[in-house]
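Next come the chains, spelled out residue by residue.
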Number of protein chains: 2
Amino acid sequence: MTERPFHHGNLRAALLDEAVTVLRSSGVDGLSLRDLARRVGVSHGAPRSHFVDRQALLDALAVQGFDRLRQRAREAFAAGRDLPDRFHRVAQAYVDFAIDDAALMELMFQAKADGGGEAVQEAAVALFTELDQAMGPRRADTDDGDRDAFKLLFAATMQGIAALVASHRIPRPEGDRLIDVAMTMMLGSELAARTIGEGEVGAGSS
Amino acid sequence: MTERPFHHGNLRAALLDEAVTVLRSSGVDGLSLRDLARRVGVSHGAPRSHFVDRQALLDALAVQGFDRLRQRAREAFAAGRDLPDRFHRVAQAYVDFAIDDAALMELMFQAKADGGGEAVQEAAVALFTELDQAMGPRRADTDDGDRDAFKLLFAATMQGIAALVASHRIPRPEGDRLIDVAMTMMLGSELAARTIGEGEVGAGSS
DNA sequence: ACCTGAACACCGTTCAAGT
DNA sequence: ACCTGAACACCGTTCAAGT
């Protein structure tokens, strides 16, 4: 009897969920609006009611991706004991996400030639804000430029390591080792000493 | 009289050249075999004689891209005076390339779900070999793992910075500054001291 | 060996029409 | 407000046929 007369009101969410699945198995190229509609059981024109464009759906996926990555980063940070451990965990979570959802990550960092996609940029900013909080309170004696540089460099390095693994340039374990090396290098740098926490980076016995 | 009876034998090269142009103006999505054939003035089936697949053309573009990037890296390295300067120039060249040809760079580092694309991997390996030579001769007292880690970390960092700029997450000048910060950090690290050149990293007055 | 042109299945997008 | 279904222009890919 419940043969679903139309769709039950959550078509937008259903399309996005299905899209994430397809994205993981077939990549961005395998993602078509018509196929998505077919899988969910609506006509090919139906998605138009929720996404003006194919790009609009991709943007929505990117926003969702940034939110999920931010969540992961937050959890990883909370699970760490001292500051180095926290950074390490966030780095690992970042790279894991980028590799396991490589196609999604691709979407999140695509060129986006047109001016559109403001929501995506907003979601990206939220992620960076999360990273900023992970660095602890701003110190009066720290140059904001240095702090931003450290944060950006952290993100860039993780992104780069993930790209190497995702493109099969290096195997995953080597990527993990690279994370260790990178974190040791970054946390041991002068820049880190100048910018992070309350001098609690060298977590030895004071 | 020379109304070109068919095509003059270099259709493959003509298609690739046109593809690079389209890639720069319209991205990967704007790249279609039929459109390419139209621009070059052949029938839509003609490209098939040189590329079995659309993917085959994309792979060929990626190989070309890696070769060009390797050339750029080689030139940048040669133009540098001391080792830090050389590294800095290679880094700048790498990021410049990645930003100016962002769509091509995307192709070069795509997941490539299928096993295919061995030629692409080969071209990528050649680039890394070039980077390895830039690090100077291997030293007997250096762990090969450390040396590889430094090399990979260098590439990953540049790749990550380029991704941040290409996706408009940060403006280009900030990307350039980030290169400076990254190189200072990397070259000043213990890992660098253990792996690079003949202790000539700290290029001060001995 | 290289290219043409018809054919097929698939897309994104638009839009009048239904409920 | 949300969805259907026909329509249009565009693709990638295949393949018999031409030169």
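Basis of the calculations
- Residues numbered from 1 in each chain as written.
- Chains lettered and ligands numbered in written order.
- Predicted model: local features only at pLDDT ≥ 70, side-chain atom pairs only at ≥ 80, totals over all residues.
- Heavy atoms only, no water.
- pLDDT = per-residue confidence, 0-100.
- Contact = heavy atoms within 4.5 Å.
- Least-squares fit on C-alpha atoms with pLDDT ≥ 70 in both.
- Near = heavy atom within 4 Å.
- Polar contact = N/O pair within 3.5 Å; in protein donor to acceptor, adjacent residues only side chain to side chain.
- Helix = DSSP H or I, 4+ residues; strand = E, 2+ residues; numbered from the N terminus.
- Nonpolar A, V, L, I, M, F, W, Y, C, P; charged D, E, K, R; others polar.
- Buried area = accessible area lost by both parts, 1.4 Å probe.
- Salt bridge = Lys/Arg side-chain N within 4 Å of Asp/Glu carboxyl O.
- Phe/Tyr/Trp six-rings, centres within 6.5 Å; stacked < 30°, edge-to-face > 60°.
- Buried < 20%, exposed > 50% of the residue type's maximum accessible area, 1.4 Å probe, protein only.
- Expected span 1.5 Å × (residues − 1).
- Domains from an automatic or database assignment.

Caption draft 1: Quick peek at the confidence of the model for chain A. Residues and elements named next belong to chain A. Scored by pLDDT, chain A has a mean of 89; 89% of the residues are at 70 or more. In this model residues 1–5 is a low-confidence stretch, pLDDT under 50, and it forms zero contacts with partners more than four residues away in sequence or in other chains. Low pLDDT, under 50, characterises residues 201–206; the predicted model gives this stretch six contacts beyond four residues in sequence or across chains.

Caption draft 2: Summary view of the relation of the copies chain A and chain B. With an RMSD of 0.0 Å, the operation that places chain A on chain B is a rotation of 180° combined with a shift of 0.0 Å along the axis. With respect to symmetry, the two chain copies, as superposed, fit the operation of a two-fold axis. Taken as a fraction of all interface residues of chain A, those also at the interface in chain B reach 97%, which identifies the copy contact as same-surface.

Caption draft 3: Seen up close, the protein's contact with DNA strand D. Around DNA strand D sit 19 residues, and of these Ser43, His44 and His50 of chain A together with Arg34 and Arg38 of chain B come closest. One nitrogen or oxygen atom from the main chain of leucine 33 of chain B is found 3.0 Å from a phosphate oxygen belonging to DNA strand D. Within the backbone of arginine 54 of chain B, an N or O atom sits 3.0 Å from a phosphate oxygen of DNA strand D. Looking at which element gives the most residues to the surface near DNA strand D, the answer is helix 2 (residues 33–40) of chain B, with four residues. For the surface near DNA strand D, the class distribution of residues is four nonpolar, eight polar and seven charged.

Caption draft 4: Looking closely at the protein's contact with DNA strand C. If you check the shell around DNA strand C, you find 20 residues, and the closest are Arg34 and Arg38 of chain A together with Ser43, His44 and His50 of chain B. By atom count, sugar and phosphate contribute 54% of the portion of DNA strand C lying within 4 Å of the protein. Between a phosphate oxygen of DNA strand C and a side-chain N or O atom of arginine 48 of chain A, the distance comes to 3.2 Å. Contact between DNA strand C and histidine 50 of chain B: a phosphate oxygen at 2.7 Å from a side-chain N or O atom of the residue. By residue number, the principal contributor to the surface near DNA strand C is helix 2 (residues 33–40) of chain A, which donates four residues. Its residues placed into classes, the surface near DNA strand C shows five nonpolar, eight polar and seven charged.

Caption draft 5: A look at the interface of chain A and chain B. Taken together, the contact pairs 37 residues of chain A with 36 residues of chain B. Of the roughly 3000 Å² buried between chain A and chain B, counting both surfaces, carbon and sulfur atoms make up 67%. When the buried area of chain A at its contact with chain B is split by residue, Leu153, Arg169 and Met185 of chain A rank highest and sum to 22% of it. Taken together, chain A and chain B are joined by zero salt bridges. Here chain A and chain B share 10 residue pairs in polar contact (both at pLDDT 80 or more) between them. Put simply, the parts of the chain that give the side of chain A that touches chain B at least two residues each are helix 5 (102–108), helix 6 (118–134), helix 7 (144–166) and helix 8 (172–187) of chain A.

Caption draft 6: Seen up close, the packing of aromatic side chains. Residue and element names in this part refer to chain A. Counted under the stated rule, the structure contains six aromatic pairs over all chains. Between the aromatic rings of phenylalanine 66 and phenylalanine 109, the centroid separation amounts to 5.7 Å while the plane-to-plane angle is 55°, which identifies the pairing as tilted. Here phenylalanine 109 lies in the loop between helix 5 and helix 6 and phenylalanine 66 lies in helix 3 (residues 54–79), a separation of 43 residues in the sequence. Taking relative accessible area as the criterion, phenylalanine 109 reaches 12% and is therefore assigned buried.

Caption draft 7: Looking closely at helix 7 of chain A. All names here are of chain A. The end-to-end C-alpha distance of helix 7, which contains 23 residues, comes to 33 Å, matching closely the 33 Å that a straight helix rising 1.5 Å per residue would cover. Taking burial as the measure, the 23 residues of helix 7 include 20 buried ones, the bulk of the element. N-capping of helix 7 is provided by aspartate 143, with a side-chain oxygen placed 3.1 Å from the backbone N of glycine 145. Downstream of helix 7 by one or two residues, histidine 168 has phi in the positive range, about 60°.

Caption draft 8: The arrangement of the environment of glutamate 118 of chain B in detail. Residue and element names in this part refer to chain B. Among the secondary structure elements, glutamate 118 is positioned in helix 6 (residues 118–134). For glutamate 118, a relative accessible area of 62% translates into the label exposed. Taking the C-alpha atoms as reference points, glutamate 118 and valine 63, separated by 55 residues in sequence, lie 9.9 Å from one another.

Caption draft 9: Highlighting unusual backbone geometry. Residue and element names in this part refer to chain A. Positive phi, close to 60°, is recorded for histidine 168, a residue that is not glycine. Relative to the helices and strands, histidine 168 is located in the loop between helix 7 and helix 8. A relative accessible area of 52% places histidine 168 in the exposed class.

Caption draft 10: Spotlight on the domain arrangement of chain A. Residue and element names in this part refer to chain A. The domain boundaries assigned to chain A delineate domain 1 (1–52) and domain 2 (66–195). Spacing between the C-alpha centres of domain 1 and domain 2 amounts to 31 Å. In total, domain 1 and domain 2 occlude about 440 Å² of area from one another, counting both sides; carbon and sulfur atoms represent 68% of this. Together, Leu23, Arg24 and Val28 form the three largest contributors to the area buried by domain 1 at its contact with domain 2, with a combined 84%. Counting across the domain 1 and domain 2 interface gives one salt bridge. The salt bridge involving aspartate 101 is made with arginine 24; its shortest N-O contact spans 3.0 Å. Seen at the junction of domain 1 and domain 2, the total is one residue pair in polar contact (both at pLDDT 80 or more). Among the residues forming the side of domain 1 that touches domain 2, the class breakdown is three nonpolar, one polar and one charged.

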